[in-house]
Amino acid sequence: MVLASTEKVVLGSIAFAIFWALAVFPAVPFLPIGRTAGSLLGAMLMVVFGVVSPDQAYAAIDLPILGLLFGTMVVSIYLERADMFKYLGMMLSWKSKGAKDLLCRICLISAISSALFTNDTSCVVLTEFVLKTARQHNLPPHPFLLALASSANIGSSATPIGNPQNLVIAIQSKISFGNFLIGILPAMLIGVFVNALILICMYWKLLSIQKDEEDVAVEVFTQEEMNAHRFSPTTLSHTSEDLNSRLELMAVQSPLHMNGNLGHVEALRNRAISSETEIQKDPIVTLDSARNSNASKEAAKDVSTQVKEETILSKRFASMDRLIDKLSVRSSEGKEDFITKWKKLLWKSCVYLVTLGMLIALLMGLNMSWTAITAALALVVLDFKDARPSLEKVSYSLLIFFCGMFITVDGFNRTGIPSTLWDLMEPYSRIDHVSGIAILAIVILVMSNLASNVPTVLLLGARVAASAAAISAADEKKAWLILAWVSTIAGNLSLLGSAANLIVCEQARRAPQFGYTLSFWTHLKFGVPSTLIVTAIGLALIR
């Protein structure tokens, strides 16, 4: 393709430069409007400058990619509500055998979950679990955070739904889900293993904490959890103090009660003596009066006894009624809880089955966009609630960013600059030679870190595929898979290379009680060797 007019080349380059600056550095001092607004600004400038017409701008928006992205986000939201990621987090520390075992588990779980539910989603929900588990084992968090982010990027390369650039590649190349998975899965598995090995070698000393120290840390953490949820030591001490004070009060009061009882006995004795003298003075009168008083006392006693018995019976019946009422209330509450638990379990099972059905449909080669949208709407209907709270969690800003990016990249392509540069490099980047594959990988690696991976795929995808198609159809497929592999693994090079890296860094910094800041240089020291080694191994395995 020849270059466009000088005016379009200059204006298109300015619009693309503004988009690139705001996409890579969303908080630049002169225009801190963020990535999404920067993408829309670039698209608007392309139209205003006349690089693309309004109709061409609308046509540049790839609706199948947006549909697939929307559907996978909705499915991920319902999986999170169904506690899928909670169970994955629990698997991190279940019967852990040490720091190295924990790191390998994080790498494996992060890779698998990212391949199925996108790397960004996995990083969002697993970061806090990783921080908490590291604290339980009294370990430094940064090796495990690096394992989470890097393995998420590597794992996401295996499927078309693993990350946004793979979505673009799958739609544009028309490679089926199954062929995509088979082509990259071996490289992904070996890449995760090598990545974990590099982490273990780099942080061997930090991960070589004695088992006794880990057990003590876990015991302390468990005791803290028990104190927080079961009882309070302060409350326990107050209870013991109250008990001791009551015992002391009883000990002090007991002599006073004894003295009072003795005085009462003396008074009774005096009354008895006086009554005896009265009886001796007038025995007959005293005897008659005594008989009458005894009869009246017995009658009153019988009446009071009958009243007491009736009162006791009424109290017993009332207590029995209250007990029956309590038991009936408890049984009804138990039935309601039982029904609620079964409904929740049934709903979770439906969510998992719908997700499994979506994956099976994708493996069967059905349309990826409509499969994801159908699964998302099935979950909305099965939830049988207002879907607004769940749909509000969808990252619409990401969808808008993609719309602006499609228009901006299409406008830049129309300037002819990318085609001219590719014409200069194409003879040296042919994938039928090892040297050509190496040069192509370096170009993708550099551009993915300079212009981000999705714009790189949009700029290079069609050109790389056309060059490979001139060799053979198999080489065309291999070119798309190489582009997917390298553009994804390139995100591990630096902290700014991938959105998943930034998500892990930000989530770790904001995590309550477990906050940790992952620095740029800490990531770079690990990212450079890991990216180069894993990329090279993957290129040798992709077929």
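From a predicted model like this one, the values you see are computed outputs, not experimental measurements.

Cut-off values and rules
Residues numbered from 1 in each chain as written. Predicted model: local features only at pLDDT ≥ 70, side-chain atom pairs only at ≥ 80, totals over all residues. Heavy atoms only, no water. Helix = DSSP H or I, 4+ residues; strand = E, 2+ residues; numbered from the N terminus. Buried < 20%, exposed > 50% of the residue type's maximum accessible area, 1.4 Å probe, protein only. Expected span 1.5 Å × (residues − 1). Bend = angle between axes of the 7 residues up to and from the residue. Axes fitted to C-alpha atoms, helices over the stretch in contact; angles between N-to-C directions. Parallel < 35°, antiparallel > 145°, perpendicular 65-115°, else oblique. Left-handed = near helix turned anticlockwise from the far one by under 90°. Contact = heavy atoms within 4.5 Å. UniProt positions renumbered as here; feature names shortened; annotations may be inferred. Core = buried A, V, L, I, M, F, W, Y, C linked by side-chain atoms within 4.5 Å. Polar contact = N/O pair within 3.5 Å; in protein donor to acceptor, adjacent residues only side chain to side chain. Nonpolar A, V, L, I, M, F, W, Y, C, P; charged D, E, K, R; others polar. pLDDT = per-residue confidence, 0-100.

A. Here's a closer look at unusual backbone geometry. In this structure, threonine 118 is a non-glycine residue whose phi angle is positive, near 75°. Of note, threonine 118 is situated in the loop between helix H6 (99-117) and helix H7 (119-136). By relative accessible area, threonine 118 is classed as buried at 14%. Even without being a glycine, phenylalanine 384 presents a positive backbone phi close to 55°. Within the secondary structure, phenylalanine 384 is located in the loop between helix H15 (368-383) and helix H16 (388-391).

B. Inspection of H7 at higher detail. The terminal C-alpha atoms of H7 lie 25 Å apart, and with 18 residues this matches the ideal 26 Å at 1.5 Å per residue to within 8%. The sharpest bend along H7 measures roughly 40° and falls at leucine 126. Of the residues making up H7, those classed as buried are Asn119, Thr121, Ser122, Cys123, Val125, Leu126, Thr127, Val130, Leu131, Thr133, Ala134 and Gln136. Immediately beyond the C-terminal end of H7, within one or two residues, lies asparagine 138, with a positive phi of roughly 55°.

C. Quick look at the packing of helix H19 (residues 434-451) against helix H21 (residues 473-489). Closest axis-to-axis distance for the H19/H21 pair is 9 Å, and the angle between their directions is 45°. Classed by the angle they form, the pair H19 and H21 counts as oblique. For the pair H19 and H21, the sense of crossing is right-handed. On H21, the residues that touch Ile437, Leu440, Ala441, Ile444, Leu445 and Ser448 of H19 are Lys478, Ile482, Leu483, Val486 and Ser487.

D. Quick look at the UniProt feature "transmembrane region" (unreviewed entry) in the chain. The feature "transmembrane region" (unreviewed entry), as given by UniProt, occupies residues 12-31, 58-79, 180-204, 351-382, 394-412, 433-451, 481-504 and 524-542 in the numbering adopted here. The annotated region residues 12-31 carries 65% helix and 0% strand content, and the separation between its end C-alpha atoms amounts to 19 Å.

E. Representation of the nonpolar core. Counting residues in each nonpolar core, the largest one holds 131 residues, and the members touching the most others are Leu103, Phe144, Phe402 and Trp485. If one sorts the elements of this core by residue count, helix H10 (residues 177-202) sits on top with 11 residues. With near-sequence residues (within four places) excluded, tryptophan 485 lies in contact with Ile154, Ser157, Ile184, Ala187, Met188, Val534, Thr535, Gly538, Leu539 and Ile542.

F. Seen up close, the side chain of asparagine 166. Mapped onto the secondary structure, asparagine 166 falls in helix H9 (residues 164-173). Here serine 157 takes part through its backbone oxygen, which lies 3.2 Å from a polar atom of the side chain of asparagine 166. If sequence neighbours within four positions are ignored, asparagine 166 has contacts with Ser156, Ser157, Ala158, Thr159, Pro160, Phe180, Ala484 and Thr488.

G. Highlighting the environment of glycine 50. Relative to the helices and strands, glycine 50 resides in the loop between helix H2 (34-48) and helix H3 (54-60). Taking the C-alpha atoms as reference, glycine 50 lies 9.5 Å from glutamate 7; in sequence the two are 43 residues apart.

H. Structural context of the packing of helix H1 (residues 6-24) against helix H17 (residues 396-414). The interhelical angle for the contact between H1 and H17, taken along N-to-C directions, is 145°, at an axis separation of 9 Å. Here the hand of the crossing between H1 and H17 comes out left-handed. Contacts between H1 and H17 involve Gly12, Ser13, Ala15, Phe16, Phe19 and Ala23 from the former and Phe401, Met405, Thr408, Val409 and Phe412 from the latter. For the contact of H1 with H17, the residue count by class is 8 nonpolar, 3 polar and no charged.

I. Expanded view of the confidence of the model for the chain. Taken residue by residue, the chain gives an average pLDDT of 79. The fraction at 70 or more is 76%. Every residue in residues 210-292 is under pLDDT 50, and counting partners more than four places away or in other chains gives 21 contacts.

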